[in-house]
Amino acid sequence: MSNLIAARETSTQRVLLGDEAVAQAAVDAGLSAAYGYPGTPSTEIMEHLLRRSRRATPGEGPLARWCANEKTAYESALGAAMAGGRALVVMKHVGLNVAADPFMNSALLDLHAGLVVAVADDPGMHSSQNEQDSRAYAEMAHVPCLEPATQQEAYDMTRRAFELSERFRTPVLVRMVTRLAHSRTAVTLRPPAPERPHLLPADPTAWTLLPANARRRWRVVLDRQRAIERYLAKEGAEADLSMLTLRPGADLGVVTTGLARGYLLEALNGLEERPSHLHVGAYPAPEEALRRLAASVDTILVLEEGQPLLERRLRGILTTAVEVIGRETGALPQDGELTPDTVRAALGLAERPHAELTEPLVLPGRPPQLCTGCPHRDSFTALDRALGAVDGMEQSGGPLVTGDIGCYTLGALPPFRAIDSCVCMGASIGMARGAADAGVRPVVAVIGDSTFLHSGIQPLLDAATDDTDMTVLILDNGAVGMTGAQDTVAPSSRLEPIALAVGVHPDCCVVVDAHPRKLDQMTEVLQQAIEHRGLSVVIAARECIEHARLRKRGAA
Ligand code: SF4
């Protein structure tokens, strides 16, 4: 830790990333267990908890575990909460798609111990394949969502999320975004919460979603939603979750969420007339405050990070002729992150003064690349040679190489241009199967070991059942390379047994060394696998060099 950071910390203050503030709040709230799957920008929440649990005396402090995927993580957290322990589950926004089944259904359970779902969205898609907004999931599930605007709020709101969860016996979602998750400032901590006894549910029927029970529980959820709205409208204002400031005579009202509050405050000095302002930090949004704002202004500008959910909601509840503008009307860009400049433009302010360049600044392009020495480089080289060598085989529309999510997605770029698709975790194998079923030949699915364990096993089961004419190339580097080289949930030695267990024929499952010295052997194995009529699996194994470096330092 730098001297500067150390000097700024006091006994109750820590300099924390937004992600670390969430993790620390969970610990201080009496966390029993945390589960997650690595994914930018949420990874540092679990990293903080894992560092802490490694330092703790065995049996003391919260347990933290990486899981096979977000669904298994969610279910583990749910089980911990069922056993009466406060639980945290951590994922990035697209991970919530994977965990959507238990997430949606857990809203119907009668939670008696806090369950907080920390989800980090990635507006601007710095490291993601879409810009989906997790607030929409919270609304669909009928669970509260808290949206911090600062690292301090990330801490305070996560602690409040556990309290809300236990008060209303529901999961509570804490929505982070990249810029908040990955920036650091001093955060004031509160004393830890007292321990609570771990008890099993008093009424197991409220945890057994048979249709008759589920219908009864759904009614409870709908009634609970009204109670949560009333509570947040009253207590949320007192707790500064949502804040309304009406300025008599103001024509403009501004609604902010999350980081947009900071951008608005930064721009205020440039405005001749201060607008009325409602900051929304908790959902369901405070409808009464929105109506009061609308009744006092002519125009409402909605500044929200993500999709125009609040903007649409506002139009739906207003009966007065107030103009609502935001991302949907073009007052702000529909995509990407909000910035101080886009917010200034929406407020009608001129661009901030900036230095003009006397000469055009031309920087050399630097596309993202696999690390020098990365084993994927050798695997892609071998795959390219193998596909080139099977020219003589009967082809139909191919070759097609479906890809997946990990460092190896960079194989789609020059110089390799080895991958033709990347959609979601595990999709490479299912898509390859569909393409092979449609008659394309040859078809190769390229998937990393962690992604295979996350979502690739089930589609391999499908392909094995039908002996689909395709090849699965598992790039086994023993790590979740893209998110910081975390350990995978199962060691390399278990990949081949897993492939055989789901039905891959032993003669068609080969492990090769993904080493430059073994390039010819790897090429030959891949060529034979591709030429085989039916399902074949090649596991190209060599450790991620970043993981090896961490392992040698004792950090992996
Ligand atoms: S982090 Fe590991 S897997 Fe990712 S590019 Fe670097 S060496 Fe390859």
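Thresholds applied
Residues numbered from 1 in each chain as written. Predicted model: local features only at pLDDT ≥ 70, side-chain atom pairs only at ≥ 80, totals over all residues. Heavy atoms only, no water. Helix = DSSP H or I, 4+ residues; strand = E, 2+ residues; numbered from the N terminus. Rg over C-alpha atoms; globule rule 2.2 N^0.38 Å. Buried < 20%, exposed > 50% of the residue type's maximum accessible area, 1.4 Å probe, protein only. Areas by Shrake-Rupley, 256 points an atom, 1.4 Å probe, with all protein chains shown as cover. Lys, Arg positive; Asp, Glu negative; His and termini not counted. Charge placed at Lys NZ, Arg CZ, Asp CG, Glu CD. Near = heavy atom within 4 Å. Nonpolar A, V, L, I, M, F, W, Y, C, P; charged D, E, K, R; others polar. Expected span 1.5 Å × (residues − 1). Phe/Tyr/Trp six-rings, centres within 6.5 Å; stacked < 30°, edge-to-face > 60°. Pairing = 2+ DSSP bridges. Axes fitted to C-alpha atoms, helices over the stretch in contact; angles between N-to-C directions. Contact = heavy atoms within 4.5 Å. Patch = residues over 30% accessible without salt bridge, like charges linked within 9 Å, V, L, I, M, F, W, Y side chains within 5 Å. Salt bridge = Lys/Arg side-chain N within 4 Å of Asp/Glu carboxyl O. Core = buried A, V, L, I, M, F, W, Y, C linked by side-chain atoms within 4.5 Å.

With that settled, the discussion passes to the overall build of the protein. On a plain count of helices and strands, the protein comes out with 20 helices and 21 strands. Computed over its C-alpha atoms, the radius of gyration of the protein comes to 26 Å, within 12% of the 24 Å expected for a compact globule of 556 residues. Counting only C-alpha atoms and orienting by the principal axes, one finds that the protein spans roughly 80 × 70 × 55 Å. Residues counted as buried form 54% of the 556 residues belonging to the protein. Surface exposure of the protein reaches about 24,600 Å², of which carbon and sulfur atoms provide 53%. Where the 54 positive side-chain charges of the protein centre and where its 68 negative ones centre are 6 Å apart.

Here the focus is the site of the ligand. If you check the shell around the ligand, you find Leu370, Cys371, Cys374, His376, Cys407, Asn477, Gly481, Cys544, Ile545 and Glu546 and nothing else. Looking at the shell around the ligand residue by residue, the classes come out as six nonpolar, three polar and one charged.

This brings us to helix H3 (residues 43-55). Here H3 contains 13 residues, and its C-alpha end-to-end distance of 19 Å stays within 8% of the 18 Å for a straight helix at 1.5 Å per residue. Taken as a whole, H3 has its buried residues at Thr43, Ile45, Met46, His48, Leu49 and Leu50.

Right, let's get into the packing of aromatic side chains. For the coordinates displayed, the defined rule picks out four aromatic pairs. Their ring planes at 80° and their centres at 6.0 Å tell us that Tyr74 and Phe103 sit as a pair that is edge-to-face. With a gap of 29 residues between them, Tyr74 in helix H4 (residues 70-82) and Phe103 in helix H6 (residues 100-106) connect regions that are remote in the sequence. Here Phe103 falls in the buried class, since its relative accessible area comes to 0%. Here the aromatic rings of Phe380 and Phe416 are separated by 5.6 Å at their centres, their planes lie at 40°, and the arrangement is tilted. One end of the pair, Phe380, is in helix H15 (residues 375-389); the other, Phe416, is in the loop between strand E15 (397-402) and helix H16 (427-437), with 36 residues separating them in the sequence. We note that Phe380, like Phe416, is buried. A connected cluster of aromatic rings, assembled from ring pairs, spans Tyr74, Phe103 and Tyr137.

Extensive coverage of strand E4 (residues 86-92) is indicated by the burial of seven of its seven residues. Here E4 shows no split at all, with Arg86, Leu88, Val90 and Lys92 on one side and Ala87, Val89 and Met91 on the other all buried. Where strand E2 (residues 31-36) meets E4, five bridges bridge the pair, whose relative direction is parallel. Note that in E4 the partner of Tyr35 across the bridge is Val89. As paired strands, E4 and strand E5 (residues 115-121) are joined by six bridges and run parallel to one another. Counterpart to Leu88 in the pairing with E5 is Val116.

Spatially, the five strands line up as an open sheet ordered E15-E16-E17-E21-E20, and their pairing is parallel. Each edge of the open sheet carries a strand with a single partner, namely E15 and strand E20 (509-513). Sheet twist, expressed as the mean angle between neighbouring strand axes with direction ignored, is 15°. Helix-sheet contacts for H15 involve E15, strand E16 (441-448), strand E17 (470-476) and strand E21 (535-541), and the interaxial angle to E16 is about 175°. Against the sheet, helix H19 (residues 519-531) touches E16, E17, E20 and E21, its axis set at about 160° to E21.

So, about a nonpolar patch on the surface. A cluster of nonpolar side chains, contributed by Leu357, Leu361 and Leu363, occupies part of the molecular surface with about 370 Å² of accessible area. Along the chain, the position of Leu357 falls in the loop between helix H14 (340-346) and H15. Judged by its relative accessible area of 59%, Leu357 falls in the exposed class.

Turning our eyes to something else, we now look at the sheet that holds strand E13 (residues 299-303). With mixed pairing, the five strands of this open sheet are ordered in space as E9-E11-E10-E13-E14. Taken across any chain shown, the strands that pair with only one partner, and hence form the sheet edges, are strand E9 (243-245) and strand E14 (323-325). Strand-to-strand, the axes of this sheet are offset by a mean angle of 15°, without reference to chain direction. Bridging between strand E10 (residues 252-257) and strand E11 (residues 276-280) involves five bridges; their strand directions are parallel. In the sheet register, Val254 faces E11, and the bridge partner there is His277. Sitting on the sheet, helix H12 (residues 287-296) touches E9, E10, E11 and E13, and the angle it makes with E11 is about 160°.

Here the focus is helix H8 (residues 151-168). Here H8 contains 18 residues, and its C-alpha end-to-end distance of 25 Å stays within 8% of the 26 Å for a straight helix at 1.5 Å per residue. With respect to burial, H8 is a largely interior element, 13 of its 18 residues being buried. Note on H8: the residue one or two positions beyond its end, Arg169, has a positive phi of about 55°.

Attention now goes to the environment of Ala386. Inspection of the secondary structure puts Ala386 in helix H15. Sequence separation between Ala386 and Met522 is 136 residues; the distance between their C-alpha atoms is 8.7 Å. Look past the residues within four positions of Ala386 in its chain and what remains in contact with it is Thr523, Leu526, Gln527 and Ile530.

Here Leu550 lies in helix H20 (residues 545-552). Assessed through its relative accessible area of 11%, Leu550 is described here as buried. Along the primary structure Leu550 and Gly484 are separated by 66 residues, whereas in three dimensions their C-alpha atoms are 9.6 Å apart.

Bringing the nonpolar core into the picture now. Taken as a class, soluble globular proteins show a tendency for nonpolar side chains to be buried jointly. If you look at the biggest cluster of nonpolar residues, it comprises 59 residues, and the most contacted ones within it are Leu49, Leu88, Leu303 and Leu347. Top contributing element to this core by residue count: H8, with seven residues. In terms of nonpolar packing, the next biggest core, distinct from the first, is built from 52 residues, Ala435, Val443, Val446 and Leu475 among them.

What follows covers the pairing of E21. Burial within E21 is extensive, with six of its seven residues counted as buried. Pairing between E17 and E21: seven bridges, direction parallel. Each bridged residue has a counterpart across the sheet, and for Met470 the counterpart in E21 is Leu535. The sheet contact formed by E20 and E21 spans five bridges and is parallel. Bridged to Val512 within E21 is Ala540.

Residue Pro284 is bonded to the preceding Tyr283 through a cis peptide linkage, with omega at 10°. One can find Pro284 in the loop between strand E12 (282-283) and H12. Following Pro414, the chain continues to Pro415 via a peptide bond in cis, the omega torsion being 10°. Mapped onto the elements of the fold, Pro415 is located in the loop between E15 and H16. Phi angles above zero are rare outside glycine, and Arg169 is one such case at about 55°.

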